[in-house]
Amino acid sequence: MQKGHLLYEGKAKSLFATESPDILWMTYKDDTTALNGARKTAFTDKGKLNNQISTLLFHFLEKNGVQTHLLETLSDTEQLVKKVTVIPIEIIVRNVIAGSFAKKLGVAEGEELAEPIVEFYYKEDALDDPFINDDHVRYLKLATTAEIAELKELALIINTLLQQRFLAADILLVDFKIECGRLNNQTIVLADEISPDSCRLWDVNTKQKLDKDVFRHDLGDLVSVYQEVLQRLLNKTTEV
Ligand code: C5P
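Residues numbered from 1 in each chain as written. Predicted model: local features only at pLDDT ≥ 70, side-chain atom pairs only at ≥ 80, totals over all residues.

Where an unreviewed UniProt entry is consulted, the chain appears under the name Phosphoribosylaminoimidazole-succinocarboxamide synthase, with the organism given as Brochothrix thermosphacta. In its Pathway (unreviewed entry) section, the UniProt entry covering the chain states "Purine metabolism; IMP biosynthesis via de novo pathway; 5-amino-1-(5-phospho-D-ribosyl)imidazole-4-carboxamide from 5-amino-1-(5-phospho-D-ribosyl)imidazole-4-carboxylate: step 1/2." Note on the chain: under the UniProt heading Catalytic activity (unreviewed entry), the record states "5-amino-1-(5-phospho-D-ribosyl)imidazole-4-carboxylate + L-aspartate + ATP = (2S)-2-[5-amino-1-(5-phospho-beta-D-ribosyl)imidazole-4-carboxamido]succinate + ADP + phosphate + 2 H(+)". (UniProt positions renumbered as here; feature names shortened; annotations may be inferred.)

## What about the pairing of strand β4 (residues 31-34)?
When β4 meets strand β5 (residues 39-42), the two strands line up antiparallel, connected through 4 bridges. Bridge pairing in β5 links A34 to R39. Counted along the chain from β4 to the antiparallel partner β5, the turn is 4 residues long, and its residue L35 has a positive phi close to 55°. (Pairing = 2+ DSSP bridges. Helix = DSSP H or I, 4+ residues; strand = E, 2+ residues; numbered from the N terminus.)

## So, the nonpolar core
One finds L173, I178 and L201 to be the most contacted residues of the largest nonpolar core, which totals 46 residues. Per-domain counts for this core show at least three residues from each of domain 1 (3-82) and domain 2 (85-221). Once residues lying within four places of it in the same chain are set aside, the contact partners of L201 are F166, I171, L173, V174, P196, L210, D211 and V229. (Core = buried A, V, L, I, M, F, W, Y, C linked by C-beta atoms within 7 Å. Buried ≥ 20, exposed ≤ 12 C-beta atoms within 10 Å, placed from the backbone. Domains from an automatic or database assignment. Contact = placed C-beta atoms within 7 Å.)

## Considerations on the domain arrangement of the chain
With domains assigned, the chain is organised as domain 1 (3-82) and domain 2 (85-221). Computed over C-alpha atoms, the centres of domain 1 and domain 2 are 18 Å apart. Across the contact, 18 residues belong to domain 1 and 21 residues belong to domain 2. Counting residues per element, the ones that place at least two in the side of domain 1 that touches domain 2 are β4 and α1 (46-63).

## Some points on the site of the ligand
Residues in contact with the ligand amount to 14 residues; listed here are only the nearest, G99, S100, K177, S198 and R200. Taken together, the elements giving at least two residues each to the shell around the ligand come down to β9 (89-96), α2 (99-105), β12 (171-182) and β14 (199-203). Within the shell around the ligand, the residues separate by chemical class into 5 nonpolar, 3 polar and 6 charged. (Near = placed C-beta within 6 Å. Nonpolar A, V, L, I, M, F, W, Y, C, P; charged D, E, K, R; others polar.)

## Things to note about the packing of α1 against helix α6 (residues 222-235)
In contact at an axis separation of 10 Å, α1 and α6 are set at 25° when each is read in the N-to-C sense. Regarding the angle of α1 to α6, the classification is roughly parallel. As for the relative orientation of α1 and α6, their crossing is left-handed in sense. Residue-level inspection shows K46, L49, Q52, I53 and L56 of α1 in contact with α6, the latter providing L222, V223, Y226, Q227, V229, L230 and L233. Residues of the contact of α1 with α6, tallied by class, amount to 9 nonpolar, 2 polar and 1 charged. (Axes fitted to C-alpha atoms, helices over the stretch in contact; angles between N-to-C directions. Parallel < 35°, antiparallel > 145°, perpendicular 65-115°, else oblique. Left-handed = near helix turned anticlockwise from the far one by under 90°.)

## Things to note about the environment of V174
Structurally, V174 can be placed in strand β12. By the C-beta count within 10 Å, which is 26 here, V174 ends up buried. Residues V174 and N205, 31 residues apart in the sequence, show an inter-C-alpha distance of 13 Å. Apart from residues lying up to four places away in sequence, V174 is in contact with N95, V96, A98, R200, L201 and W202.

## What about α6?
With 14 residues, α6 extends 20 Å between its outermost C-alpha atoms, agreeing within 8% with the 20 Å of an ideal straight helix rising 1.5 Å per residue. Listing the buried residues of α6 in full gives L222, V225, Y226 and V229. The arc enclosing the buried residues of α6, seen along the axis, measures out at 100°, which places them on a common side. Exposed residues pointing more than 90 degrees away from the buried face of α6 are listed as S224, Q231, L234 and N235. In this fold, the buried residues of α6 make contact with β4, α1, β12, β14 and α5 (213-216). (Expected span 1.5 Å × (residues − 1). Arc of directions from axis to C-beta.)

## Brief notes about unusual backbone geometry
Phi is positive for N36, close to 55°, though the residue is something other than glycine. Note on placement: N36 falls in the loop between β4 and β5. Among the residues examined, N36 registers 12 C-beta atoms within 10 Å and is labelled exposed. A positive phi angle, near 60°, is found at D128, a position not held by glycine. Within the secondary structure, D128 is located in the loop between β10 (112-122) and β11 (131-132). On the basis of neighbour count, D128 is assigned to the exposed category, with 10 C-beta atoms found within 10 Å.

Right, dumping it as structure tokens:
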């Protein structure tokens, strides 16, 4: 497979064409952004760590019946992925109160939710990714009623699986963001990445932050924290 021309440059990843119309070449960058890209720093090895962590988690999810876009991990920073039409919704699942949820509702960070909360955000940089509900999703024609139900169900299945996978590594999955896409036949699959850039991960005992909040709030060395997450996931596996 040959890497072709650049199709899309995102904040933390880029997508290139290949000779196959159904396959894209995805590269992970060291760039790390906050505040919708207003703050940006490159951390050596961050892209490599996210590629490794996301590959491990996508394989785990595939093994447990979740369809994803991942075809093959080519190198430290490169993957071959199925071409999908990305549904421009950031789906967030929360297990513990943190981040924008705490701010929006004026509640303290750290409380475990009785049941997970699923939220939709419209993926549109120019609008700062606004919080939207099912009616907005239908109004914007981002997904049908049946697809909305499917997206929520998929997000909750992924949540249950990831909670178990992380807990085995003594990590609490506080919240995370996923993006999904449609294959040519309209099947919805998990796309993008799942990494400490897109999850809140706390040490289960000390509640130490092991994710991008280290960058957002200047809490120390981001790369060593991401290395810790990878190492723990490699050391501890689950039966599921
Ligand atoms: O900021 P907020 O609390 O809404 O973020 C919830 C989760 O979604 C966090 O794990 C955060 O890292 C992730 N997220 C993301 N990309 C965004 C917004 C949030 O990965 N654009």
